[in-house]
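Residues per chain, in single letters:
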Amino acid sequence: MAEALRVGIAGLGTVGASVARVLRDKAAELTRQCGRDIVVSAVSARDPKRDRGVDLNAAKWFDDPVKMAQAAEIDVFVELIGGDEGPAFAAVKTALEAGRHVVTANKALLAKHGVALAEIAEKKGVLLNYEAAVAGGIPVIKTMREAMAGNSVTRVFGILNGTCNYILTRMEAEGISFDACLKDAQRLGYAEADPTFDIEGHDTAHKLSILTSLAFGTKIAANDIYMEGISNITQADIRAAGDLGYRIKLLGVAQRTDSGIEQRVHPTMVPTASVIAQVHGVINAVAIETDILGELLLSGPGAGGNATASAVIGDIADIAKSRPGFQHGPVFGRPARELKPYKKAQMRSHAGGYFIRLTVHDRIGVFAAIAKRMADNDISLESIVQHAISGEAAAQKTVILVTHETTEAAVRKAVDGITKDGHLTDKPQVIRIERAG
Ligand SMILES: NC(=O)c1ccc[n+]([C@@H]2O[C@H](COP(=O)([O-])OP(=O)(O)OC[C@H]3O[C@@H](n4cnc5c(N)ncnc54)[C@H](OP(=O)(O)O)[C@@H]3O)[C@@H](O)[C@H]2O)c1
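Residues numbered from 1 in each chain as written. Predicted model: local features only at pLDDT ≥ 70, side-chain atom pairs only at ≥ 80, totals over all residues. Heavy atoms only, no water.

### A few points about the environment of Ser-383
One can find Ser-383 in strand 14 (residues 381-388). Ignoring any residue separated from it by four or fewer positions in sequence, one finds Ser-383 in contact with Leu-244, Ile-400, Leu-401 and Val-402. (Helix = DSSP H or I, 4+ residues; strand = E, 2+ residues; numbered from the N terminus. Contact = heavy atoms within 4.5 Å.)

### Some thoughts on the pairing of strand 13 (residues 351-361)
The side chains of a regular strand alternate between both faces of the sheet. The element strand 13 is extensively covered by neighbouring structure, given that nine of its eleven residues are classed as buried. Alignment of strand 13 against strand 16 (residues 406-407), held across two bridges, turns out to be antiparallel. Bridge pairing in strand 16 places Ala-351 opposite Thr-407. Examined bridge by bridge, strand 13 and strand 17 (residues 429-433) share five bridges and lie antiparallel to one another. Paired with Ile-356 across the two strands is Val-430, which belongs to strand 17. Relative to strand 15 (residues 396-403), strand 13 is paired through seven bridges, and the arrangement is antiparallel. Opposite Phe-355, over in strand 15, you have Val-402 as the bridge partner. (Buried < 20%, exposed > 50% of the residue type's maximum accessible area, 1.4 Å probe, protein only. Pairing = 2+ DSSP bridges.)

### So, empty space enclosed by the protein
On inspection of all chains with the given rule, the structure shows one cavity of 30 Å³ or more. Lining of the largest cavity is provided by Leu-168, Thr-169, Glu-172, Ile-238, Ala-241, Gly-242, Tyr-246, Arg-247, Ile-248 and Lys-249. At the level of elements, helix 7 (162-174), helix 11 (235-243) and strand 9 (246-257) are the ones that each hand at least two residues to the lining of the largest cavity. No other element matches the four residues that strand 9 contributes to the lining of the largest cavity. Its residues assigned to classes, the lining of the largest cavity shows five nonpolar, two polar and three charged. (1 Å grid on protein atoms, 1.4 Å probe; cavity = no way out; pocket = protein on both sides within 12 Å on 5 of 7 lines; lining within 4 Å. Points joined across faces, edges and corners; volume = space filled by probe spheres on them. Nonpolar A, V, L, I, M, F, W, Y, C, P; charged D, E, K, R; others polar.)

### A look at the pattern of salt bridges
Here the structure, examined in full by the defined rule, presents 30 salt bridges. One salt bridge in this structure joins Arg-6 and Asp-75, with 2.8 Å as the shortest N-O distance. Of the two residues, Arg-6 is situated in strand 1 (residues 5-10) and Asp-75 in the loop between helix 3 (65-69) and strand 4 (76-79); the sequence distance between them amounts to 69 residues. The exposure class assigned to Asp-75 is partly exposed, which follows from its relative accessible area of 22%. Arg-32 is paired through a salt bridge with Glu-29; the nearest N and O atoms lie 2.9 Å apart. Remark: Glu-29 and Arg-32 occur in helix 2 (residues 27-34); sequence separation between them is three residues, near one turn of the helix. Here the salt bridges do not stand alone but share partners, grouping Arg-155, Glu-262, Arg-264, Glu-289, Glu-434 and Arg-435 into one network. (Salt bridge = Lys/Arg side-chain N within 4 Å of Asp/Glu carboxyl O.)

### A closer look at helix 2
Within the sequence span of helix 2, burial applies to Leu-30, Thr-31 and Cys-34. For helix 2, the angular spread of buried residues about the axis comes to 105 degrees, placing them on one side. Elements that come into contact with the buried residues of helix 2 comprise helix 1 (14-25), strand 2 (38-44) and helix 12 (305-321). Once helix 2 ends, the next one or two residues include Gly-35, with phi positive near 75 degrees. (Arc of directions from axis to C-beta.)

### Brief notes about the layout of surface pockets
The calculated volume of the largest pocket comes to roughly 1400 Å³. Lining the largest pocket are 48 residues; nearest its centre among them are Thr-14, Val-15, Ile-81, Lys-107 and Glu-192. Contributions of two or more residues to the lining of the largest pocket are made by helix 1, helix 5 (107-124), helix 7, helix 9 (196-199), helix 10 (202-216), strand 11 (283-290) and helix 12. Of the residues belonging to the lining of the largest pocket, the class tally is 18 nonpolar, 18 polar and twelve charged.

### A few points about the state of the cysteines
The full count for this structure, using the stated rule, is zero disulfides. Counting only cysteine sulfurs, Cys-181 is the nearest neighbor of Cys-164, a cysteine outside any disulfide, at a range of 11 Å. (Disulfide = S-S within 2.5 Å.)

In structure tokens:
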């Protein structure tokens, strides 16, 4: 049998400790599958005394992950620390430069330094595997990088943040407000104490930037993503969406258009009957549309110790199965040096349907004025509905418009016009509608 593959794990938190436990519990099965043993030969974390729920005494302890990254004791450096700079970046770069394979779950790191790190890995002839960095346990990287060779991707979109999907699912199912739902999610451990990163779309954007590169062969452009979070989604939106046959999801969407590539993260209405609308709670999903395959949807657990460990271990097993001297496939599906510059499509040229919810004074002429603003901007309406508001706001009405395909620029101009007309009593709400099968 080939020599054991020696793994150094940096970071022994939720994911790192799970990886160590599964490698121990599934050792015999992994040896059968890979044709060699996989052993944890080194570990690094901040606190050497903390109980990790797994005996790591046989592994050499390193206070400094950068030292471990170049240590003679390891063949693979597994980075599970997190963060786009600091010890995670320094250690991954060091490991690649020292000719060690790297496995990471760190989307923030890849969103910022992925292309530069891929160049080092490809120059050194080692693997940089990152299945767990996008949608946790869902094998989307492998699917896009290996199983879809020859396909040209036209659009990739997904539910990439479990916290947001959990909140939106409960808001719809239980009729509770965003704030109440977020508090509950924090109490149950589904949301961080500072939830901004998740709910404002940054986490989704990091993952989307990696998918975009794989889909279109472009350099990662995480700073060029249009982003809106879910914190201003109200019960009124969720109810109106339901009445119209839609469900609201926070989607990350990357799409090829005539003017470039759109990368956008925002609350989105998807038809209630579509498959992605059935993805509830903390579950993630990624839809990939290509010329040959059509539309593929993968869904499953996007986070959590074991689910994420499953992807990390799949990456380690691939390294265990690879043979010395074998040329590895490029990190982002095409050689890093050949990734094309990202050509950004302007958001105002985005074409699609729109949901617009307006709260207006209940007076004569308002409805006609709204319809005129729409017509002036060549926006054709699929439906326009008005509801009286009862109670204290009795002098107000809700007007809900659903447009046929139009452009972002036209919708923004029309809504600005309506706002200037002075008929609104509250901020207008605009939610994009996404085609989904
Ligand atoms: N949690 C998930 O469900 C999930 C899902 C997908 C991807 N990921 C990604 O996986 C990575 C790890 O996430 P996690 O949830 O496991 O994080 P975590 O629970 O906070 O664990 C982080 C670990 O890094 C260690 N660490 C921090 N600074 C260090 C340093 N300077 N040197 C050595 N070790 C250091 C910590 O040590 P101590 O324990 O001693 O403090 C801890 O063990 C992140 O990139 C995250 O984005 C996580």
